[in-house]
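Analysis of the macromolecular model
Residues per chain, in single letters:
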Amino acid sequence: MPSSKGFGTHDAQSPLAPYSFSRREPGATEIAIETLYCGVCHSDLHMARNEWGNSIYPLVPGHEIVGRVTAAGKGVKKFKAGEIAAVGVIVDSCRHCAPCKRGEEHFCDEGPTLTYAAKDRVDGSITMGGYSTNYVVDERFAHTVPANLDLAGVAPLLCAGITTYSPLRHWGAGPGKKVGVVGLGGLGHMALKFAHSFGAHAVQFTTSPKKKDDAKRLGANEVVVSSDEEAMKAHAKSFDFIIDAVSAPHSLDPYTNLLKQDATMALVGLPEKFPVLNVGNLIFRRARLSGSMIGGMPETQQMLDYCGEKKITADVEVIPIQKVNEAFERLLKQDVKYRFVIDMSSLK
Ligand code: NAP
Ligand code: ZN
Ligand code: ZN
């Protein structure tokens, strides 16, 4: 059994600390990877602190993984030892239900297996995430990485990237569409890059006036500080699509108020408490409130290949793993530019 060194926690109150465990040898269609980089998603913080109530301890977070293949089972077709592989938020699913057959494994009828804090379908153990030296995964749930991209900047694409790419594609963000992004953090900055790249008119909403210049640089045509009521009013009933990527409880009403008739707002942010809605904002313009969760394996690969073509990566602050607790605290202060990524060589 290969051993793994990681950072994890035994309960919702303690900071992350060194934690060692073992992983299985890769099976016939599995690869083992040595982790090179792992992004720090706000979901890691929600999960480490059991804010969604479903955490299983000991818990090793991390679901934005880029690594090098160290071993491949006999049946593996996509990877050879020495190549780069990337793993996101899910590592398995039933593989036979309708969503799985469609390549929407994240909507698996029997529930996908999360990269950490979930029961492994193969050996019944609890999955341990990418804040660790290695990972073992079926090749179906691992992706190839375009060779021209910086690997630290690629890691966040595996969650923040696909979680914003998928709904923007689904709801047709593109030329002639006015698209709003709420919250400029890890997810928000990727939403902004994609909305811009797809040719939409992108408007960033932020609670942080100091992020205005960055938002412009990241692709915003306009930036609105959400506490500025006049500026908000000027955008009333004008949006085709809004994506909400905020990590903390907040009112949706100021944003549903900005939707055009028949327009859609998609929630991807998942705060620990859900808001009460002014349903009138939806009813009086037949608007939709939608949600979205990561993306399936084919679409995740598509997104990575698109990023290769367009040279899109996340804006990252690379940190040693010893600084991960500090990074969590900085996320809570909205002090992130715009994704922390752990350099896993710091674990050795
Ligand atoms: P993040 O990097 O911490 O960014 C969150 C941003 O939300 C902040 O930078 C801030 O932007 C805004 N914000 C924070 N507190 C706020 C408050 N009290 N009121 C208004 N705005 C506030 O987080 P992330 O990693 O992007 O994740 C965002 C959320 O998405 C989390 O809840 C995470 O769990 C969830 N998530 C969902 C999926 C999915 O599949 N649906 C996948 C990954 C993550 P400004 O400073 O610009 O206001
Ligand atoms: Zn995530
Ligand atoms: Zn399934």
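Structure shown above.
Cut-offs applied
Residues numbered from 1 in each chain as written. Chains lettered and ligands numbered in written order. Predicted model: local features only at pLDDT ≥ 70, side-chain atom pairs only at ≥ 80, totals over all residues. Heavy atoms only, no water. Helix = DSSP H or I, 4+ residues; strand = E, 2+ residues; numbered from the N terminus. Rg over C-alpha atoms; globule rule 2.2 N^0.38 Å. Buried < 20%, exposed > 50% of the residue type's maximum accessible area, 1.4 Å probe, protein only. Contact = heavy atoms within 4.5 Å. Areas by Shrake-Rupley, 256 points an atom, 1.4 Å probe, with all protein chains shown as cover. Lys, Arg positive; Asp, Glu negative; His and termini not counted. Charge placed at Lys NZ, Arg CZ, Asp CG, Glu CD. Core = buried A, V, L, I, M, F, W, Y, C linked by side-chain atoms within 4.5 Å. Near = heavy atom within 4 Å. Polar contact = N/O pair within 3.5 Å; in protein donor to acceptor, adjacent residues only side chain to side chain. Nonpolar A, V, L, I, M, F, W, Y, C, P; charged D, E, K, R; others polar. Donors = N, O, S within 2.8 Å, 3.2 Å for Na, K, Ca; no water.

For the rest of this paragraph, the subject is the overall build of the protein. Helix and strand content of the protein: eleven helices and 17 strands. Taking 2.2 N^0.38 as the reference for a compact globule, 348 residues should give roughly 20 Å; the C-alpha atoms of the protein span a radius of gyration of 20 Å, in line with that estimate. Considering only C-alpha atoms, the protein reaches an extent of 60 × 40 × 35 Å along its principal axes. Within the protein, the fraction of its 348 residues that count as buried is 57%. Pairs at least 24 apart in sequence give 67% of the contacts found in the protein among residues at least 6 apart. Here the protein has roughly 14,500 Å² of accessible surface; of this, 53% comes from carbon and sulfur atoms. Averaging the positions of the 39 positive and the 38 negative side-chain charges in the protein gives two centres separated by 3 Å.

Residues Ile 31, Tyr 131, Leu 168 and Phe 194 are the most contacted members of the largest nonpolar core, which totals 87 residues. The element contributing the most residues to this core is helix 5 (residues 186–197), with six residues. Residues within four places of Ile 31 in sequence aside, it is in contact with Pro 26, Val 69, Ala 71, Ala 72, Val 76, Phe 79, Ala 85, Tyr 135, Val 136, Val 137 and Ala 142. Listed in part, the 16 residues of the second largest apolar core include Met 232, Tyr 255, Ala 263 and Leu 282.

Locating Asn 148 in the fold gives a position in the loop between strand 9 (142–143) and helix 3 (151–154). For Asn 148, a relative accessible area of 45% corresponds to the partly exposed category. With 139 residues separating them along the chain, Asn 148 and Thr 9 place their C-alpha atoms 35 Å apart. When sequence neighbours within four positions are dropped, the list of residues in contact with Asn 148 reads Gly 308 and Lys 311.

Next up on the list: the site of ligand 1. By nearness alone, 30 residues border ligand 1, and Thr 206, Thr 207, Ser 208, Lys 211 and Arg 339 come closest of all. The separation between an oxygen atom of ligand 1 and a polar side-chain atom of Ser 43 is 2.8 Å. Here ligand 1, which alone exposes 920 Å², has 91% of that area covered by the protein. When contributions to the shell around ligand 1 are tallied by element, the ones reaching two or more residues are helix 1 (42–48) and helix 5. The element that contributes the greatest number of residues to the shell around ligand 1 is helix 1, accounting for three residues. Tallied by class, residues from the shell around ligand 1 come to 14 nonpolar, 14 polar and two charged.

Turning our eyes to something else, we now look at the coordination of the zinc ion (ligand 2). The coordination sphere of the zinc ion (ligand 2) contains the protein donors Cys 41 (SG), His 63 (NE2) and Cys 159 (SG), at a distance range of 2.0 to 2.2 Å. Of note, the donors binding the zinc ion (ligand 2) are all from one chain and are spaced C-x21-H-x95-C. Of the two residues, Cys 41 is situated in the loop between strand 3 (30–40) and helix 1 and His 63 in the loop between helix 1 and strand 4 (65–72); the sequence distance between them amounts to 22 residues. Each member of the pair Cys 41 and His 63 is classed as buried.

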